[in-house]
Amino acid sequence: MSSSKKDIFMVIGGSGFLGRHIVQQLLDRGDIVSVFDIVQRYSDVPFYSGDISEEEQVAAALRKCGATCIIHTASPPAGLSDPALYWKVNVDGTKAVIAAAQSVGVRKLVFTSSAGVVFNGTDNIDIDERLPFPDKPMDAYNESKAKAEEAVLAANGVNGLLTVALRPAGIFGPGDRQVMAGLYQVYERGQTHFQIGDNNNLFDWTYVGNVAYAHLLAADKLQEPVVATDCSKLSPQEEAIIS
Ligand code: NAD
């Protein structure tokens, strides 16, 4: 597909905190968008109820809405004590999304990974995506996100699917039900006088609107690499893409 042709979007996990912001930004710029989720929170957007670990449910929804681009944000929340659920949804579910996308002929898949995939409990300062996954993952959530990310990136270019993974760290903003709720509970219980460490810890936080926007940009930029043997024949735009 040429980059000038508009995509038809399906946001998987679109009923969640981040997913809702992605859906709203797509609507605001006039895109066609549907939502696939186990939880229905929409009255004004085409909604497909289903579980990503069921490949046929995903494929049926993709066929029906004619999606050309999937933005996959679905995951159980971090911090649960159920490794099997993380594996089922994040690993098997993401593989099912990939298989469904390839069988239906979807061209693009943008996956929400997590900065936690390279966290092993020690400081990560001035790192980038070249840092390998730790030998011992932090926990089942982060391990499953890493395995999902690996599957998504391995699928790039296979059966016509182009893929990209983004790794947000902490996300804050309107609609958050995890971070602020947890902090507020600590305050309500009078537990604010505990301090772990020397109070010099750093953590990355990104406003949810910016994380959502990054997903739209990633989707827009995801396109076939320019393959050329004679670089003198490239247009200035093509040169910009490969440089
Ligand atoms: P959220 O819990 O608000 O949203 C996740 C959505 O996925 C929910 O609507 C849920 O119903 C849906 N979902 C869960 N299991 C599903 C399944 N089997 N099939 C279909 N839908 C399913 O979470 P969020 O905070 O919006 O996080 C979105 C993504 O961003 C997740 O992939 C998460 O790992 C990642 N992430 C979040 C943060 C953060 O601080 N919130 C940080 C880094 C990465």
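Let me sum up the structure you'll find in this document. (Residues numbered from 1 in each chain as written. Predicted model: local features only at pLDDT ≥ 70, side-chain atom pairs only at ≥ 80, totals over all residues. Heavy atoms only, no water.)

1. Notes on the site of the ligand
Around the ligand sit 26 residues in total, of which Leu18, Asp37, Tyr141, Lys145 and Ala169 are the nearest. The contact in question runs from an oxygen atom of the ligand to an N or O atom on the side chain of Asp37, over 2.6 Å. Of all the secondary structure elements, the ones that give two or more residues to the shell around the ligand are helix H1 (17-28), helix H4 (140-154) and strand S7 (170-172). In terms of residue class, the shell around the ligand is built from 11 nonpolar, 11 polar and four charged. (Near = heavy atom within 4 Å. Polar contact = N/O pair within 3.5 Å; in protein donor to acceptor, adjacent residues only side chain to side chain. Helix = DSSP H or I, 4+ residues; strand = E, 2+ residues; numbered from the N terminus. Nonpolar A, V, L, I, M, F, W, Y, C, P; charged D, E, K, R; others polar.)

2. Focus on the sheet that holds strand S4 (residues 69-72)
Taken in spatial order, the six strands make up an open sheet running S3-S2-S1-S4-S5-S6, and their pairing is parallel. The strands lining the two open edges of the sheet, one partner per strand, are strand S3 (47-49) and strand S6 (162-166). When the angles between neighbouring strand axes are averaged without regard to direction, this sheet yields 15°. Here three bridges tie strand S2 (residues 32-37) to S3, and the two strands are oriented parallel to one another. The residue of S3 that forms the bridge with Asp37 is Ser49. H1 rests against strand S1 (8-12), S2, S4 and strand S5 (108-112) of the sheet, and its axis sits at about 165° to S1. The strands that helix H2 (residues 55-65) touches are S1, S2, S3 and S4; relative to S1, the one it contacts most, it runs at about 150°. (Pairing = 2+ DSSP bridges. Axes fitted to C-alpha atoms, helices over the stretch in contact; angles between N-to-C directions. Contact = heavy atoms within 4.5 Å.)

3. What about the nonpolar core?
In terms of nonpolar packing, the biggest core is built from 26 residues, with Met10, Ile12, Phe36, Ile52, Leu62 and Ile70 touching the most fellow members. Contact partners of Ile70, with chain neighbours within four places excluded, come to Met10, Ile12, Leu62, Val97, Ala101, Val106, Lys108, Leu109 and Val110. Among the nonpolar cores identified, the runner-up in size contains 25 residues, and Phe9, Leu18, Leu26 and Val35 belong to it. (Core = buried A, V, L, I, M, F, W, Y, C linked by side-chain atoms within 4.5 Å. Buried < 20%, exposed > 50% of the residue type's maximum accessible area, 1.4 Å probe, protein only.)

4. Some points on the pairing of S5
Counting buried residues along S5, five of its five residues qualify, which places the element largely inside the surrounding structure. The alternating pattern of S5 places Lys108, Val110 and Thr112 on one face and Leu109 and Phe111 on the opposite face, and all of these are buried. Taken together, the four bridges between S4 and S5 define a ladder with parallel strand orientation. Bridging from a neighbouring strand, Cys69 pairs with Lys108 of S5. Note that the unit made of S4, helix H3 (residues 83-104) and S5 has a crossover that is right-handed. As paired strands, S5 and S6 are joined by five bridges and run parallel to one another. Pairing of Val110 across the sheet is with Val164, part of S6. (Right-handed = clockwise from strand over helix to strand, strands pointing away.)

5. Topic: the state of the cysteines
Scanning all chains against the criterion turns up zero disulfides. In this model Cys65 remains outside any disulfide bridge; the closest cysteine sulfur is found in Cys69, 11 Å from its own. Here Cys65 falls in the buried class, since its relative accessible area comes to 14%. (Disulfide = S-S within 2.5 Å.)

6. Let's talk about the packing of aromatic side chains
Evaluation of the coordinates by the stated rule reveals four aromatic pairs. Centre to centre, the rings of Tyr184 and Tyr187 are 6.1 Å apart; their planes meet at 35°, and the pair counts as tilted. With a gap of three residues between them, Tyr184 and Tyr187 both fall in helix H5 (residues 179-188), about one helical turn apart. Over the aromatic face of Tyr42 sits the side chain of Arg20, whose NZ or CZ is 4.9 Å from the ring centroid. (Phe/Tyr/Trp six-rings, centres within 6.5 Å; stacked < 30°, edge-to-face > 60°. Lys NZ or Arg CZ within 6 Å of the ring centre and 35° of its normal.)

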